[in-house]
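Survey of secondary and tertiary structure
For reference, the chains in residue letters:
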Amino acid sequence: MAKHKVFISHYHADDTQVKDFVDKFAKQYGVFTPKIVGDDYDTTINSDDSEYIMRRIREDYLTDSTVTIVLIGDETWKRKYVDWEIASTLRNDPNNKRSGLIGIFLPGKNSNNTKIPERLQDNVDTGYAKVYRYPDYAYSELEKWIDEAYERKEDNNYKVDNSRPLYRYNRS
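The model shown is predicted, which means the values in this text are computed figures rather than measured ones.

1. Thoughts on the environment of Leu 62
Residue placement: Leu 62 occurs in helix α3 (residues 50-62). Looking at Leu 62, the relative accessible area reads 0%, which means it is buried. Separated by 54 residues in the primary sequence, Leu 62 and Ile 8 place their C-alpha atoms 9.7 Å from one another. When residues no more than four places from it in sequence are discounted, the contact partners of Leu 62 are Phe 7, Ile 57, Thr 68, Glu 85, Ser 88 and Thr 89.

Put into structure tokens, the structure is as follows:
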């Protein structure tokens, strides 16, 4: 399948591991083309209006991406921007088409002690999204996961659940 443009959703405290993931799988192995919000996100979109921020995320980062990967660390589930990015990923409107969705635990994290963002979990529960362990060496696994997420977004048999209210604040 074609190389996908992939939006990377993450908590900025995990930037080092996120950079390693992108360097390895996007730059070294060429598995995907990354779309990622920079470190200056709070000042780039200077607003408290969630609809405006979600629109800017979709227009600036998600419009031409086909799959979103949520990189999951210990605190990712608490972050309002991660929730908003997942919500924007799941929206389907005339200007911005829905993207496929997967979660990947960062190295050293796993489902036993790392909480999955709630909106992502809602879509794992419906079968629309999947969550995986970190693909240490097998970049072909990651290619397969991205392709499958892309195929699920095109398959009407998978129900998207974007009904949860948006986070208004970061969780504590």
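2. Digging into the confidence of the model for the protein
Low pLDDT means the predicted atomic positions in that stretch should not be read closely. When pLDDT is averaged along the protein, the result is 88; 92% of the residues meet or exceed 70. Confidence over residues 39-43 falls short of pLDDT 50; this stretch has 7 contacts with residues more than four positions distant or in other chains.

3. Some points on the pattern of salt bridges
Applying the stated criterion to the full structure yields 11 salt bridges. A salt bridge links Arg 119 to Asp 83, with the nearest nitrogen and oxygen atoms 2.9 Å apart. Residue Arg 119 is found in helix α5 (residues 118-126), and its partner Asp 83 is found in helix α4 (residues 80-90); the two are separated by 36 residues along the sequence. For Asp 83, a relative accessible area of 4% translates into the label buried. Counted as one network, the salt bridges with shared partners bring together Lys 5, Lys 35 and Asp 64.

4. Thoughts on helix α6 (residues 139-154)
Taking 1.5 Å per residue as the helical rise, α6 with its 16 residues ought to reach 22 Å, and the 23 Å between its terminal C-alpha atoms agrees with that figure. Taken together, the buried positions of α6 are Leu 142, Trp 145, Ile 146, Asp 147, Ala 149, Arg 152 and Lys 153. Tucked into the core, α6 has its buried residues touching β1 (4-9), α1 (15-28), β2 (32-36), β3 (67-72), β4 (100-105) and β5 (130-132).

5. Description of the nonpolar core
Core analysis: the biggest nonpolar cluster contains 21 residues, and Ile 8, Phe 21, Phe 32, Ile 69, Ile 104, Leu 142 and Ile 146 have the highest contact counts within it. Where this core is concerned, the elements lending two or more residues are β1, α1, β3, β4 and α6. Residue contributions to this core peak at 5 residues, all from α1. In contact with Ile 69, other than residues within four places in its own chain, are Val 6, Phe 7, Ile 8, Ser 9, Phe 21, Ile 102, Ile 104, Leu 142 and Ile 146.

6. So, the side chain of Arg 119
A residue is classified by how much of its surface remains accessible, and Arg 119, at 1% relative accessible area, is buried. Other than its neighbours up to four places away in sequence, Arg 119 contacts Asp 83, Ile 86, Ala 87, Leu 90, Asp 161, Asn 162, Arg 164, Pro 165 and Leu 166.

7. Observations concerning empty space enclosed by the protein
Under the counting rule described, the total for this entry stands at 1 cavity of 30 Å³ or more. A volume near 30 Å³ is recorded for the largest cavity. Taken together, Thr 76, Trp 77, Arg 79, Val 82, Asp 83, Pro 117, Glu 118, Arg 119 and Tyr 167 make up the lining of the largest cavity. Broken down by secondary-structure element, the contributors of at least two residues to the lining of the largest cavity are α4 and α5. Considering only residue class, the lining of the largest cavity consists of 4 nonpolar, 1 polar and 4 charged.

8. A short note on the pairing of β1
A large share of β1 lies buried, amounting to 5 of its 6 residues. For β1 and β2, the ladder comprises 5 bridges, and the chain directions are parallel. Among the inter-strand pairings, Val 6 is bridged to a residue of β2, identified as Pro 34. Pairing of β1 with β3 involves 4 bridges; the strand directions are parallel. Each residue of the ladder has a partner; that of Phe 7, found in β3, is Thr 68.

The rules behind these values
- Residues numbered from 1 in each chain as written.
- Predicted model: local features only at pLDDT ≥ 70, side-chain atom pairs only at ≥ 80, totals over all residues.
- Heavy atoms only, no water.
- Helix = DSSP H or I, 4+ residues; strand = E, 2+ residues; numbered from the N terminus.
- Buried < 20%, exposed > 50% of the residue type's maximum accessible area, 1.4 Å probe, protein only.
- Contact = heavy atoms within 4.5 Å.
- pLDDT = per-residue confidence, 0-100.
- Salt bridge = Lys/Arg side-chain N within 4 Å of Asp/Glu carboxyl O.
- Expected span 1.5 Å × (residues − 1).
- Core = buried A, V, L, I, M, F, W, Y, C linked by side-chain atoms within 4.5 Å.
- 1 Å grid on protein atoms, 1.4 Å probe; cavity = no way out; pocket = protein on both sides within 12 Å on 5 of 7 lines; lining within 4 Å.
- Points joined across faces, edges and corners; volume = space filled by probe spheres on them.
- Nonpolar A, V, L, I, M, F, W, Y, C, P; charged D, E, K, R; others polar.
- Pairing = 2+ DSSP bridges.

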